[in-house]
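One-letter residues, chain by chain:
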Amino acid sequence: MYLKSTILFITVSSVQLAAAFRNVTAQEAWTAMNPGWILGNTLVAVPDEGSWHNPKVTEQTFNDIKEAKFKSVRIPVTWRDYFAAQGLDYKPVVDWSLQRRFWAVLNVHHDNWQWADFTVKPETLAERTLKFEKLWRQIADRFKWKSEKLILEPLNEPAGSSSQGNADRYNDANLLWVNIIRSSGGYNKDRLLTIPGLNTNIQRTVDWWKEPVGVGNYILHVHDYDPWAFVSTSWGHTFWRTDALQNRFHAPALIAKYQLAAQLWDNGNDHFNRIARKWRDPVKLSLIQTAVKGIPNTRPTYNQEPVTYFTPPGAPVTGNREVKLDWNSNTLYTIREDSQSGRTLRRGSDYTITSTGVAFTRAYLSSILGRLPSTLGSLLWIIPPEERPSQSPSPSILSQQPTKTLLSPTQIPLISSLFHGVAIKRDGGILKDDWTIWLGPLEQGRLNWGNFKTSGDNVVLHSGLLSTIKNAGQEVDLTLEFWPRIEGNNVTVTVRVLQDVFHRMQILVGVGLVKSGKWPIVSLKLSTK
């Protein structure tokens, strides 16, 4: 049964004080909302606020986001686990936002896959629709006297497979929701709304979305994850382009015809460290702030070879290397090594500026190689997580023999960071996702993220992957690929699992990853004329 007893908001008093309200157009709000910041993985966490490794949100966070010059915040909330017999609990996060004059977008978030998927189980659709209605009647009543800077969003990324029938389910839900909001009193009859289509997918929205009757003032809400394999770098998919988009936009992106504010999803580990109260990448923050001012950034030219250059150990640099740039009327004033030395490069001897970019000299590139060991190697090994040098070996996961060190020392090329893994069975077949045989050579046989991760200088293979290897009944050659993706910049290890793999069991593959500080990365700091 999806319904619970009558749900009410817990309020401090029965009186809600009305804030001032001014009618705004969608265009006016959109202009004022850029840039935006999203309180990710916090109030959306399941089952409660701290479940996804973030601290509980505090008022200070909104001071910090305001100081960073953001103009809007999106407040995603998963409401299911805040339901209670006596009421629906909430925190004053919306008030904290509005008090700092943010535009605030409040929504129903991961309920979309917990109970508010209107495309499944038609026998319970009426119950779930009624639950959706009761939830939104309470939200609308609770916030009806808030200022025009509060924007409401019915449901994040409405779930369901791609079909017009599923899209129409959400067209119906959107109409129901609009009627609830507009009839709830207070300022809600004039409040700006933001409304999604099926999956908030651009193409499905263009094809099947219908404007709700009586909607009034609204912004259409879309997200763009297409193609997903490229966005998520899944199955080795790191390159994507279409000639049509290149010719029009000069970038691998799809731009909808609707104007939407740009809001940065921040899951707590991506951008702003809420505990230390620092931005993890101040340069990225600066780029956002600059772009909002209408100042175009210098960027790598779209149609060129990768701007990462790789020279194997012992191989000489054969000439100058150019990074092609679209200057966009900016002026280069310094190039500094992002390394411990922080050395500033000298124009002329280290690099030259051209009309199409920056050319690094052979002498400078050779000097970088001269600071590195001539040969980089490492011992490659596999250890079950329960096993430590002071303990007896575990026989659960074996490759060649049941010892802690399972492979002989292997020469490893200069590597920067792990990109992906290719798992090929001893009979030559693809271990997982054999449909990737129909993809390009850089994608065939690649594992998806979730099968492995990095941990310090190790690669961790998860239990699901180990179970698949066990079920294959044969050895599997696992090739770890590193950036840049060129021939020879990889390491292969043979894995064979002899016994059943238990839940949460992992193995570590120590590959002696080269720390980023050992490879000087050139960063460009640009100013506008």
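For the structure itself, consult the block above.
No experiment lies behind these values; they were computed from the predicted model shown. (Residues numbered from 1 in each chain as written. Predicted model: local features only at pLDDT ≥ 70, side-chain atom pairs only at ≥ 80, totals over all residues. Heavy atoms only, no water.)

Asks: Would you explain the overall build of the protein in this entry?
Replies: Assigned secondary structure in the protein consists of 12 helices and 26 strands. Relative to its full complement of 529 residues, the protein shows a buried share of 45%. Residue pairs at least 24 apart in sequence account for 76% of intrachain contacts in the protein once pairs closer than 6 positions are excluded. Put simply, the protein shows about 26600 Å² of open surface, and 53% of that area lies on carbon and sulfur atoms. (Helix = DSSP H or I, 4+ residues; strand = E, 2+ residues; numbered from the N terminus. Buried < 20%, exposed > 50% of the residue type's maximum accessible area, 1.4 Å probe, protein only. Contact = heavy atoms within 4.5 Å. Areas by Shrake-Rupley, 256 points an atom, 1.4 Å probe, with all protein chains shown as cover.)

Asks: Can you help me understand the sheet that holds strand E23 (residues 476–482) in this one?
Replies: Sheet strands pair via backbone hydrogen bonds, and the direction of the pair is either parallel or antiparallel. Taking strand neighbours across the sheet as the criterion, the three strands line up as E20-E23-E24 in an open arrangement whose pairing is antiparallel. This sheet does not close on itself; its edge strands, each paired only once, are strand E20 (418–425) and strand E24 (490–495). Strand-to-strand twist in this sheet, taken as the mean axis angle between neighbours without regard to direction, amounts to 20 degrees. Sheet topology places E23 next to E24; six bridges connect them, and they run antiparallel. For Asp477, the partnering residue across the bridge sits in E24 and is Thr494. (Pairing = 2+ DSSP bridges. Axes fitted to C-alpha atoms, helices over the stretch in contact; angles between N-to-C directions.)

Asks: Can you walk me through the environment of Asn471 in this structure?
Replies: One can find Asn471 in helix H12 (residues 463–472). Residue Asn471 is classed as exposed on the basis of its relative accessible area, which comes to 67%.

Asks: Help me understand the packing of helix H5 (residues 125–142) against helix H6 (residues 164–182), please; the structure alone is not making it clear to me.
Replies: The relative placement of two packed helices comes down to the angle between their axes together with the axis-to-axis distance. H6 packs onto H5 with a crossing angle of 30 degrees between their chain directions and a minimal axis gap of 10 Å. Viewed along their axes, H5 and H6 form a crossing whose handedness is right-handed. Between H5 and H6, the contacting residues are Leu125, Thr129, Phe132, Glu133, Trp136, Arg137 and Ala140 on the first element and Arg169, Ala173, Leu176, Trp177, Ile180 and Ile181 on the second. Class assignment of the residues belonging to the contact of H5 with H6 gives a composition of nine nonpolar, one polar and three charged. (Left-handed = near helix turned anticlockwise from the far one by under 90°. Nonpolar A, V, L, I, M, F, W, Y, C, P; charged D, E, K, R; others polar.)

Asks: What is the right way to read the pattern of salt bridges from this model?
Replies: Charged atoms that come close allow side chains of opposite charge to pair. Across all of its chains, the model carries 14 salt bridges by this definition. A salt bridge links Arg74 to Glu153, with the nearest nitrogen and oxygen atoms 2.9 Å apart. Of the two residues, Arg74 is situated in strand E2 (residues 72–75) and Glu153 in strand E6 (residues 150–153); the sequence distance between them amounts to 79 residues. Residues Arg74 and Glu153 agree in their burial class; the two are buried. When the shortest N-O distance is used, the salt bridge between Arg137 and Glu133 registers 3.0 Å. (Salt bridge = Lys/Arg side-chain N within 4 Å of Asp/Glu carboxyl O.)

Asks: Even after reading the chapter, I still don't get the sheet that holds strand E16 (residues 357–360), so can you show me in this structure?
Replies: If you trace the four strands from one edge of the open sheet to the other, you get E12-E13-E16-E15, paired in antiparallel fashion. Two strands bound the open sheet, and with one partner strand each, they are strand E12 (299–300) and strand E15 (351–354). Where strand E13 (residues 321–326) lies against E16, four bridges are found, and the strand directions are antiparallel. Paired with Val323 across the bridge in E16 is Val358.

Asks: Mind showing me how you'd approach unusual backbone geometry here?
Replies: Apart from glycine, the bulk of residues carry a negative phi angle, and the bulk of peptide bonds sit in the trans form. Backbone torsion omega between Asn34 and Pro35 reads -5 degrees, so that peptide bond is classified as cis. One can find Pro35 in the loop between helix H1 (26–33) and strand E1 (36–39). The amide bond that connects Val46 to the next residue, Pro47, takes the cis arrangement and shows omega of 10 degrees. Along the polypeptide, Pro47 turns up in the loop between E1 and helix H2 (59–67). Even without being a glycine, Lys121 presents a positive backbone phi close to 45 degrees.

Asks: Just checking my understanding: could you explain the nonpolar core for this structure?
Replies: Here is a general trend for soluble globular proteins: nonpolar side chains tend to be buried in one another's company. Ranked by internal contacts, the top residues of the largest apolar core, which has 55 residues, are Phe70, Ile75, Leu106, Trp136 and Trp177. In terms of residue count, the dominant contributor to this core is H6 (seven residues). With residues near it in sequence (within four places) discarded, Trp136 still touches Leu106, Val108, Leu152, Glu153, Pro154, Trp177, Ile180 and Ile181. (Core = buried A, V, L, I, M, F, W, Y, C linked by side-chain atoms within 4.5 Å.)

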